[in-house]
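Chain residues, written in single-letter form:
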Amino acid sequence: MHLEYDVIVVGAGHAGCEAAAAAANMGVRTLLITMDMTKFGHMSCNPAMGGIAKGQIVREIDALGGYSGIVTDRSTIQFRLLNRSKGPAMWSPRAQCDRTLFTNIWREMLENTPNLDFWQDTVSSLLLEDGQVTGVITRVGVKFTSKCVVLTNGTFINGLIHIGRAQVEGGRVSEPASKGLSEQLKEYGFEVGRMKTGTPARLDGRSINFSDLTVQEGESDGGKFSFLPHIKNNPNLRPCYITYTNSEVHEILKSGFADSPLYNGTIKGTGPRYCPSIEDKVVTFADKDKHQLFLEPEGISTNEYYINGFSSSLPWQIQYEALRKIKGLENVKIFRSGYAIEYDYFPPTQLHATLETKHISNLFFAGQINGTTGYEEAAAQGLMAGINASLKVQEKGGLILGRNEAYIGVLIDDLITKGVDEPYRMFTSRAEYRILLRQDDADVRLTPIGYRIGLAKDERMENLEKKVSERAGLIEFCDKFSVAPDIINNRLCELQTSELKNKVRLREIITRPQVTFSNIKEYVPELNDYILSLGELKSEIVQATEIIIKYSGYIERENLIADKIQRLESVKIHDEFDFRQLKSLSTEARQKLSRIKPSTIGQASRIPGISPSDINVLLIYLGR
């Protein structure tokens with residue numbers, strides 16, 4: 001066991017696991033410290049990965065060389081591609097996972113990662129010297145030194161669990177809170193805040209009447225997250241189920257409001273707007289007499305079910321009584337009640353774009369410590385913090401992804417530029433270049449970057465080059481091959497689109513909204529033969545080609561807009577620039593620019609309250 005490392009990662013949730021894997025795979029000696037080595041990447045809330053915008057993030061993590069996509073695929077028990085009825089910019093993969101298998105696979109992968117050591121303990125304080133972090137001290141008094149430290153403490157820093165009027169210190173149910181770090185960092189000038197999140201009760205599947213519930217099956221087309229061809233999943237092992245609350249349930253819930261920590265002033269932290277508790281929904285949407293609930297299996301070898309949409313911190317008796325008034329749950333038994341948890345976080349405007357803190361050098365924050373919510377957002381931050389800590393150890397420049405390059409870039413830029421006033425959750429609406437950030441081409445956008453920094457390995461790059469080459473070949477085929485009216489007109493009529501009058505290029509037919517490769521290939525033998533000649537990546541290549549042909553105009557327009565905006569990102573602002581000296585700026589602009597210290601004009605333009613005239617003042621001052 002070493003006592004000296006290049007990078008120390010504190011916490012082994014989704015952020016910590018990705019940070020440790022990235023650092024170790026980039027060749028630096030890494031130590032992962034966790035309270036419990038049986039909880040790697042533990043799914044504290046629902047047993048699922050992906051979803052709206054989150055699925056894109058998981059694919060981006062995989063494209064860069066991270067592990068979350070592989071772990072998800074290997075533990076998937078149901079897969080769905082959400083938003084199929086919308087355009088490809090909105091398509092979002094989501095997988096139900098076996099919670100126990102997910103954790104076990106994370107452990108297996110991490111324990112087989114070179115350069116990575118482990119220590120089961122709690123970090124109680126940081127070793128600091130001349131404004132830099134130099135290591136950590138654990139609860140049992142062990143000192144580990146390092147060149148960089150990544151904190152990924154999740155909900156554990158001063159965590160407090162609420163169930164009705166009962167309060168228990170902890171980072172998760174039955175797990176202790178982490179003490180000391182907030183107090184130490186506050187002394188060094190860090191602003192500290194409180195946030196709140198919650199989770200629902202877990203149900204005993206043996207007591208559920210599934211025949212009264214609506215079945216929600218997964219898809220059968222073999223969708224997955226990882227771009228690696230050899231990574232497979234078996235996504236149709238378990239269905240989910242749908243049921244609803246009712247007015248009787250709502251009345252029972254209201255009867256417990258006097259003892260609710262949300263409504264009696266006990267909870268001070270801000271909760272997630274987009275994942276509200278059931279009591280929040282009853283109050284906020286008082287005009288609704290029912291709310292949809294999803295029963296999600298926790299795994300293939302357990303009877304435990306997660307009831308998505310019923311997060312609560314009400315007294316356990318109220319939760320139990322209300323659950324038993326829901327259709328299909330009349331005789332339900334619970335394994336444990338839902339609860340809310342408050343925890344410390346550090347407003348992320350205190351970070352550089354590399355996720356290194358501004359107050360202490362070589363210290364990086366990732367995950368819920370930055371005010372985010374969700375496994376995927378945490379994993380993305382962990383990956384980037386691990387990458388940038390490794391690059392700093394190697395004395396190389398940091399990696400900063402642009403808003404036009406990745407949802408990960410949007411996520412981090414939003415955090416460090418705008419800050420958070422509630423737990424941050426990613427949505428497609430947060431990205432201004434959605435058509436450029438599709439889930440299908442995350443590898444095209446990011447694998448070359450991951451390969452350049454030494455994280456994505458040869459197999460990924462070779463796989464990408466093959467895919468791009470075969471995609472280009474299919475596009476060329478569509479550009480050159482012509483289809484005669486007598487071959488295709490009957491099929492076009494069936495698809496309710498206009499018939500051809502003359503021969504046209506296949507590309508022109510594919511641009512029609514009603515037409516896809518799959519619904520015309522049997523009528524165009526040459527096309528069918530070409531698709532069959534493609535290798536094991538044929539489904540990805542066909543999908544990507546179709547998107548490029550149909551949406552080429554939109555893609556080109558967004559690229560032009562992104563290029564124009566990117567010019568502002570090239571105008572750098574020195575770290576020590578004194579915004580207070582520019583009296584031509586508004587008072588609000590001087591205050592916010594001085595606090596956030598943007599590194600580029602582009603970042604400055606995205607700070608809430610900064611007007612176009614303020615940006616013009618900065619451009620003039622900087623000689624632009």
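Quick look at the structure, then.

Turning our eyes to something else, we now look at the packing of aromatic side chains. Per the counting criterion, the structure on display carries 17 aromatic pairs. Their ring planes at 40 degrees and their centres at 5.6 Å tell us that F190 and F365 sit as a pair that is tilted. One end of the pair, F190, is in the loop between α5 (181–187) and β12 (193–199); the other, F365, is in strand β20 (residues 363–365), and 175 residues separate them in sequence. Judged by centre distance (5.5 Å) and plane angle (80 degrees), the ring pair of F577 and Y621 falls under edge-to-face. In this pair, F577 sits in the loop between α18 (552–569) and α19 (587–596) while Y621 sits in helix α21 (residues 612–621), placing the two residues 44 residues apart along the sequence. Among the residues examined, F577 registers a relative accessible area of 12% and is labelled buried. These aromatic residues form a ring-pair network of at least three members: Y5, W119 and F144. Positioned above the aromatic ring of Y5, the side-chain terminus of R29 is 5.8 Å from the ring centre.

Its place among the elements puts I408 in helix α10 (residues 407–418). As for I408 and S68, which are separated by 340 residues in sequence, their C-alpha atoms are 14 Å apart. For I408, the contacting residues outside a window of four places in its chain are I57, E60, I61, L64, A380, M384 and L401.

Our next topic: the nonpolar core. Membership of the largest hydrophobic core comes to 106 residues, with the highest contact counts inside it found for L151, I387 and I408. Looking at which element gives the most residues to this core, the answer is helix α9 (residues 375–393), with 11 residues.

The next subject is the sheet that holds strand β16 (residues 292–297). With antiparallel pairing, 6 strands are arranged side by side in an open sheet as β14-β15-β16-β17-β13-β18. Either end of the sheet is taken by a strand with one partner, and the two such strands are β14 (214–216) and β18 (334–336). Neighbour-to-neighbour, the strand axes of the sheet open up by a mean angle of 35 degrees, direction not taken into account. Note: strand β13 (residues 202–204) against β18, 2 bridges, orientation antiparallel. Bridge assignment links L203 to a residue of β18, and that residue is I334.

Bringing the pairing of β16 into the picture now. Sheet topology note: the strand β15 (residues 240–244)/β16 ladder contains 4 bridges and is antiparallel. Across the sheet, Y244 pairs through a bridge with Q292, a residue of β16. In this structure, β16 lies alongside strand β17 (residues 304–308), joined through 4 bridges in antiparallel fashion. In the strand pairing of β17, F294 is matched with N308.

Before going further, it helps to spend a moment on helix α11 (residues 442–452). Looking only at α11, the buried set comprises A442, D443, R445, L446, T447, I449 and G450. Remark: G454 follows α11 within two positions and exhibits a positive phi of approximately 90 degrees.

As a working rule, side chains carrying opposite charge can pair if their charged atoms are close by. The full count for this structure, using the stated rule, is 38 salt bridges. Residue E248 pairs with K325 through a salt bridge whose shortest N-O separation is 3.7 Å. In this pair, E248 sits in helix α6 (residues 247–255) while K325 sits in the loop between α8 (316–323) and β18, placing the two residues 77 residues apart along the sequence. Of the residues examined, E248 reaches a relative accessible area of 43% and is grouped as partly exposed. One salt bridge connects R438 with D440, and the closest N-O pair in it is separated by 2.8 Å. Residues R438 and D440 agree in their burial class; the two are buried. Linked by salt bridges that have partners in common, R403, D413, D414, K418, E432, E569 and R606 make up one network.

What counts as what
Residues numbered from 1 in each chain as written. Predicted model: local features only at pLDDT ≥ 70, side-chain atom pairs only at ≥ 80, totals over all residues. Heavy atoms only, no water. Phe/Tyr/Trp six-rings, centres within 6.5 Å; stacked < 30°, edge-to-face > 60°. Helix = DSSP H or I, 4+ residues; strand = E, 2+ residues; numbered from the N terminus. Buried < 20%, exposed > 50% of the residue type's maximum accessible area, 1.4 Å probe, protein only. Lys NZ or Arg CZ within 6 Å of the ring centre and 35° of its normal. Contact = heavy atoms within 4.5 Å. Core = buried A, V, L, I, M, F, W, Y, C linked by side-chain atoms within 4.5 Å. Pairing = 2+ DSSP bridges. Axes fitted to C-alpha atoms, helices over the stretch in contact; angles between N-to-C directions. Salt bridge = Lys/Arg side-chain N within 4 Å of Asp/Glu carboxyl O.

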